[in-house]
Amino acid sequence: MELLSNPATWVGLLTLVVLEIVLGIDNLIFIAILAEKLPPHQRDRARVIGLSLALLMRLALLSVISWLVTLTAPLFSVWGHGFSGRDLILLGGGLFLLFKATTELHERLEGVTHAATASPVYAGFSLVVAQIVVLDAVFSLDAVITAVGMVNDLPVMMAAVVISIGIMLLASKPLTRFVNAHPTVVVLCLSFLLMIGLSLVAEGLGFHLPKGYLYAAIGFSIVIEFFNQLARRNYAKQQARRPLRERTAESVLRLLGGQRRGAAEGAESNTAVASDEAVFAPEERDMVSGVLKLAQRKVSSIMTLRSDISWVDLDDPSEAIRQQLLDTPHGMFPVCRGSLDEVLGIARAKDLLGALLAHGRIDPLTDLRQPIYVPESGPVMGLIDTLRNARGQVALVHDEYGTLQGIVTPIDVLEAIAGEFPDEDEALEIQAMGPDLWRVAGAADLHQLERMLGTEGLVSEDDSYSSAAGFLLAQLGRVPVVGETLRHGVFEFAVTDADAQRIRQLEVRRIGRGDAGEAAPA
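Criteria and cut-off values
- Residues numbered from 1 in each chain as written.
- Predicted model: local features only at pLDDT ≥ 70, side-chain atom pairs only at ≥ 80, totals over all residues.
- Heavy atoms only, no water.
- Pairing = 2+ DSSP bridges.
- Helix = DSSP H or I, 4+ residues; strand = E, 2+ residues; numbered from the N terminus.
- Contact = heavy atoms within 4.5 Å.
- Axes fitted to C-alpha atoms, helices over the stretch in contact; angles between N-to-C directions.
- Buried < 20%, exposed > 50% of the residue type's maximum accessible area, 1.4 Å probe, protein only.
- Lys, Arg positive; Asp, Glu negative; His and termini not counted.
- Salt bridge = Lys/Arg side-chain N within 4 Å of Asp/Glu carboxyl O.
- Polar contact = N/O pair within 3.5 Å; in protein donor to acceptor, adjacent residues only side chain to side chain.
- Core = buried A, V, L, I, M, F, W, Y, C linked by side-chain atoms within 4.5 Å.
- Phe/Tyr/Trp six-rings, centres within 6.5 Å; stacked < 30°, edge-to-face > 60°.
- pLDDT = per-residue confidence, 0-100.
- Patch = residues over 30% accessible without salt bridge, like charges linked within 9 Å, V, L, I, M, F, W, Y side chains within 5 Å.
- Areas by Shrake-Rupley, 256 points an atom, 1.4 Å probe, with all protein chains shown as cover.

Each strand in a sheet pairs with another by means of backbone hydrogen bonds, the pair being arranged parallel or else antiparallel. Taken in spatial order, the three strands of this open sheet run S4-S5-S6, and their pairing is mixed. Strands with a single pairing partner mark the edges of an open sheet, and in this sheet they are strand S4 (312-313) and strand S6 (339-348). Across two bridges, S4 lies against strand S5 (residues 332-337) in parallel orientation. When the sheet's bridge partners are listed, valine 312 is paired in S5 with valine 335. Helix H13 (residues 349-359) rests against S4, S5 and S6 of the sheet, and its axis sits at about 90 degrees to S6.

Listed below in structure tokens is the structure:
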């Protein structure tokens, strides 16, 4: 009763059961490997018989070692310190635990895996059981020595061994899955072995370490590991709440060598880029990156701006309209009266020319199609469905107040994926002028600019801007003058053409090879 009423007994029993179970996982794995050599209907019986014999062997070893540690009579002396049979047992067991824990930790931290080879020929039942018993005798040494090092009472040691073997018999497969899924638990228990081995060596050398210190250290470590597992579980739940498409996109981007933010991931990202360059061409990575990022983009980031829209004004003379249609290389036009805020419809250039040739004028009721409107804050993925059902028609983009802000076509979606496809009257918005120099239009898409420069951090996180000019305005807080520069990481942005209202053109120059950082005016 005195033993049962002692709290240290229950703490030692619980800790020892956990350690015995974790230490027995490798034993279970090797028993399963040996059992695979038997026919399927004999495997479970061999496993039960093997573990039952192992229990008897461990109890016998516990009894022998517990008796040996009572041999306190000095056998010889070294430098004035007498060594008894107990000291030699503790010293040898401690060194064994230190060696076992160190080698196991080294293998797990180095990522060494043990592969089992399947045997095509079934072995005899008695031979396999004998192998299981011999194997368990070897694996029992660390468990038995750990029990001796953890507690002082033989009944507690035996109870812990019986409980751990019973649990392994009843729940061997769930236990194996749990330990394999939580490698930090194994590392923690191997660290406990190092502590126990050190305490046994100290005991063998004559230095007494109270068991309470071990229990306190182990208990504190278990609490920390509990919080670690809780944090990992919460993180996994948080990740699971993110859309599957978003998580898949990030994974594919990493495989394709896409850059990732964070200094801690820099080396890993560089390794990914280096390994993928031999498989994926830069153009292929850019296209896949563009496809995967479509789900994160809004219509406003790919539309043609209001100021760049080519439109037909019905108030103009018929000859002026005809000449405009012939001179402008576009297939579709918004048709308005007086201004872009008075849109009457959408028409193909050839239909407008046909109406002018046939009737000398354009009839809004018969020659125009009803316009399709989409909000500028809408997702590009939804826009694709709209354009697919529009049968070749363009879509007009409006803001929350109903004001026309731009126009979007299937070509704009394609450019978001594969880069620019300029018309005859247009120039590339991003032109490489040299190895580390680019000429960039103020209206250039920031997503495309990031891909061209091979950097990140330019695109607005809240979608407040989507162009190169918008990036500079957001960083400076005003319209810059010609010649003004902005430093962003290893790139320098210099304004080359601007007026009091907008930035028309800028140059981007690479001035270093380090990691990207925050933007700063120069």
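By the element assignment, aspartate 313 lies in strand S4. The side chain of aspartate 313 is buried and forms no salt bridge, while arginine 337, the nearest opposite charge, is found at 6.6 Å. One polar contact links the side chain of aspartate 313 to the main-chain amide nitrogen of aspartate 315, over a distance of 3.0 Å. In this structure the side chain of aspartate 313 is engaged in a polar contact, spanning 2.9 Å, whose partner is the backbone nitrogen of glycine 338. Those residues in contact with aspartate 313, other than ones at most four positions away along the chain, are Ile321, Cys336, Arg337 and Gly338.

Turning next to the nonpolar core. Generally speaking, soluble globular proteins have nonpolar side chains that are buried together. Grouped together as the largest cluster of nonpolar side chains are 24 residues, with contacts concentrated most on Val440, Leu449, Phe471, Leu472, Phe493, Leu506 and Val508. Going through the elements one at a time, strand S11 (437-441), helix H16 (446-453), helix H17 (468-476), strand S13 (491-498) and strand S14 (503-510) are the ones with two or more residues in this core. Looking at this core element by element, the count peaks at five residues for H17. Not counting residues within four places of it along the chain, the set of residues in contact with valine 440 comprises Glu429, Ile430, Leu449, Ala468, Gln505, Leu506 and Val508. Core analysis: the next-biggest nonpolar cluster, separate from the first, contains 14 residues, Leu294, Ile302, Leu387 and Ile417 among them.

For H17, every residue scored as buried is listed here: Ala468, Ala469, Gly470, Phe471, Leu472 and Leu476. Just downstream of H17, glycine 477 is the residue with a positive phi angle, here 80 degrees.

This paragraph deals with the packing of aromatic side chains. Counted according to the given criterion, the structure contains four aromatic pairs. Taking the centre distance of 5.4 Å and the plane angle of 50 degrees together, the rings of phenylalanine 471 and phenylalanine 493 count as tilted. Within this pair, whereas phenylalanine 471 is found in helix H17, its partner phenylalanine 493 is found in strand S13, the two being separated by 22 residues in sequence. Per residue, the accessibility class of phenylalanine 471 equals that of phenylalanine 493, and both read buried. Following the ring pairs from residue to residue traces out a cluster consisting of Tyr465, Phe471 and Phe493.

Moving on to the confidence of the model for the chain. Averaged over all residues, the pLDDT of the chain equals 75, while 70% of them reach at least 70. Mean pLDDT across the secondary structure elements of the chain bottoms out at helix H10 (residues 266-276), with 42, and peaks at S4, with 93. Note that residues 116-121 has pLDDT below 50 and, in this model, three contacts with residues that lie over four places away or in other chains.

Among the surface-exposed residues, Phe220, Val223, Ile224, Phe226, Phe227 and Leu230 lie close enough to one another that they form a single nonpolar patch of about 600 Å² accessible area. Among the secondary structure elements, phenylalanine 226 is positioned in helix H8 (residues 211-241).

For the rest of this paragraph, the subject is the environment of alanine 130. Turning to its location among the elements, alanine 130 is positioned in helix H4 (residues 125-150). Separated by 80 residues in sequence, alanine 130 and glycine 50 place their C-alpha atoms 8.0 Å apart.

So, on to the environment of leucine 383. With respect to the element layout, leucine 383 can be found in helix H14 (residues 380-389). Sequence spacing of leucine 383 and valine 408 is 25 residues, and the spatial spacing of their C-alpha atoms is 9.0 Å.

Most of strand S9 (residues 404-408) sits out of view: four of its five residues are buried. Of the pairings in the sheet, the one linking strand S3 (residues 304-305) to S9 comprises two bridges and is antiparallel in character. Bridging across to S9, threonine 304 finds its partner in isoleucine 407. Pairing analysis gives four bridges linking strand S8 (residues 395-398) to S9, with the strands arranged antiparallel. By the bridge assignment, leucine 396 is partnered in S9 with isoleucine 407.

On to the environment of lysine 298, then. Tracing the backbone through its elements, the reader meets lysine 298 in the loop between helix H11 (282-293) and S3. Under the relative-accessibility criterion, lysine 298 is labelled partly exposed at 29%. Placed 168 residues apart in sequence, lysine 298 and serine 466 show a C-alpha to C-alpha distance of 9.4 Å. Among all residues touching lysine 298, those that are not within four sequence positions of it are Glu376, Ser377, Gly378, Pro379, Val380 and Asp463.

Attention now goes to the sheet that holds S8. Taken together, four strands build an open sheet; the order of strands is S3-S9-S8-S7 and the sheet is mixed. Across the chains shown, the open sheet's two edge strands, defined by having one partner strand only, are S3 and strand S7 (372-375). The strands touched by H14 within the sheet are S7, S8 and S9, with S7 carrying the most contacts at an inclination of about 175 degrees.

Oppositely charged side chains can pair when the atoms bearing their charge come close. With the rule as written, the count across this model stands at 10 salt bridges. Across the pair arginine 504 and aspartate 499 runs a salt bridge whose closest N-O atoms are separated by 2.6 Å. Classification of arginine 504 as partly exposed rests on a relative accessible area of 36%. Within this structure, Asp497, Asp499 and Arg504 form a network of salt bridges that share partners.

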